[in-house]
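Commentary on secondary and tertiary structure
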Amino acid sequence: MKAKLYGIGVGPGDPELLTLKALRVIRESDVIALPGEVPMDTVAYKIVVQAYPELAEKELLAVHMPMTKDPVKLEESHSQGAEVIANLLDQGKQVAFLTLGDPTVYSTYIYVHKRVEEAGYPVEIISGITSFCAVAAKLNIGLVEKAEPLHVVPASYQIEDSLKLPGTKVLMKAGKQMGNVKKMLIENDEEAVMIQNCGMPGEKIYRSVDEIPEDAGYYSLIIVKEKNR
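We now turn to the structure provided with this report. (Residues numbered from 1 in each chain as written. Predicted model: local features only at pLDDT ≥ 70, side-chain atom pairs only at ≥ 80, totals over all residues. Heavy atoms only, no water.)

1. Overview of the packing of aromatic side chains
Under the defined criterion, the tally for this structure stands at two aromatic pairs. A ring pair is formed by tyrosine 218 and tyrosine 219, whose centres lie 5.2 Å apart and whose planes are at 80°; its orientation type is edge-to-face. We classify tyrosine 219 as partly exposed; its relative accessible area is 33%. (Phe/Tyr/Trp six-rings, centres within 6.5 Å; stacked < 30°, edge-to-face > 60°. Buried < 20%, exposed > 50% of the residue type's maximum accessible area, 1.4 Å probe, protein only.)

Dropping the structure here:
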């Protein structure tokens, strides 16, 4: 009988935001898959092990997910990850794949999930608290009210058109494009706040566009509120 693959969202960084369901399934799973070359070095591992120290005793599987937009390299890594996981499922081993935030929001896990499911294996997603909800809570602000729309935007791509949209804009994954993102926010006279490493060691809050450093780390998220113009 084939075992099941679980894609588990571990939240944005604070181990106390790990859900009870996520923790239960992690405990029950035979193998813990982590996105990276060294499992214990991954951010997801470091989050969960604080809440569940016994994670260190589990069978850990490294699933290499290169930080690239090269479709060939991405296809190769996703297919290899799915194949290794499928072999474990064939052995009757339940696999829990840990991913930051929620598995349904810009998660590298979902590409493996789809391939394993298409191969005929049972799969299940366990939601985690998203980074943008955690950032808003940390700042004690609401994301949207009344009829305001919410737009979640991958900021490493072109965002000029997105900034023209009504409502609140969440800019994620700016990465090396942070300098360009900041420049565009200034040019558009936007009001924005940013948190780097929300819920993690080294958390920093920037309450205006001018404060945002152009060399901000990967785990940085910007909230742009619509101004009353």
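2. Brief notes about the side chain of serine 162
Relative to the elements of secondary structure, serine 162 occurs in the loop between strand 6 (150-154) and strand 7 (168-172). Once residues lying within four places of it in the same chain are set aside, the contact partners of serine 162 are Val153 and Lys169. (Helix = DSSP H or I, 4+ residues; strand = E, 2+ residues; numbered from the N terminus. Contact = heavy atoms within 4.5 Å.)

3. Some details on the packing of helix 3 (residues 71-90) against helix 4 (residues 109-118)
For the pair helix 3 and helix 4, interaxial distance at closest approach is 9 Å and the crossing angle is 55°. Our classification of the angle between helix 3 and helix 4 gives oblique. Pair helix 3 / helix 4 crosses with right-handed handedness. Where helix 3 approaches helix 4, its residues Glu75, His78, Ser79, Gly81, Ala82, Ile85 and Leu89 are matched on the opposing element by Tyr111, Val112, Arg115 and Val116. (Axes fitted to C-alpha atoms, helices over the stretch in contact; angles between N-to-C directions. Parallel < 35°, antiparallel > 145°, perpendicular 65-115°, else oblique. Left-handed = near helix turned anticlockwise from the far one by under 90°.)

4. So, the sheet that holds strand 4 (residues 95-99)
The parallel open sheet is built from five strands, whose spatial order is 3-2-4-1-5. Sheet topology places strand 3 (59-63) and strand 5 (123-126) at the edges, where each strand pairs with a single neighbour. Averaged over all neighbouring strand pairs, the angle between strand axes comes to 25°, with direction disregarded. Of the pairings in the sheet, the one linking strand 1 (residues 5-9) to strand 4 comprises five bridges and is parallel in character. Counterpart to tyrosine 6 in the pairing with strand 4 is alanine 96. In this fold helix 1 (residues 20-28) packs onto strand 1, strand 2 (31-35), strand 4 and strand 5, with an angle of close to 140° to the strand it touches most, strand 1. Docked against the sheet, helix 4 engages strand 1, strand 4 and strand 5, running at close to 155° with respect to strand 5. (Pairing = 2+ DSSP bridges.)

5. What to know about the sheet that holds strand 8 (residues 191-196)
On the basis of which strands lie adjacent, the open sheet formed by five strands has the order 6-7-10-8-9 and mixed pairing. With one partner strand each, in any of the chains shown, strand 6 and strand 9 (204-206) form the two edges of the open sheet. With strand direction ignored, the average angle separating the axes of adjacent strands in the sheet is 15°. Taken together, the three bridges between strand 7 and strand 10 (residues 220-225) define a ladder with antiparallel strand orientation. Note on strand 10: the bridge partner recorded for leucine 171 is isoleucine 222.

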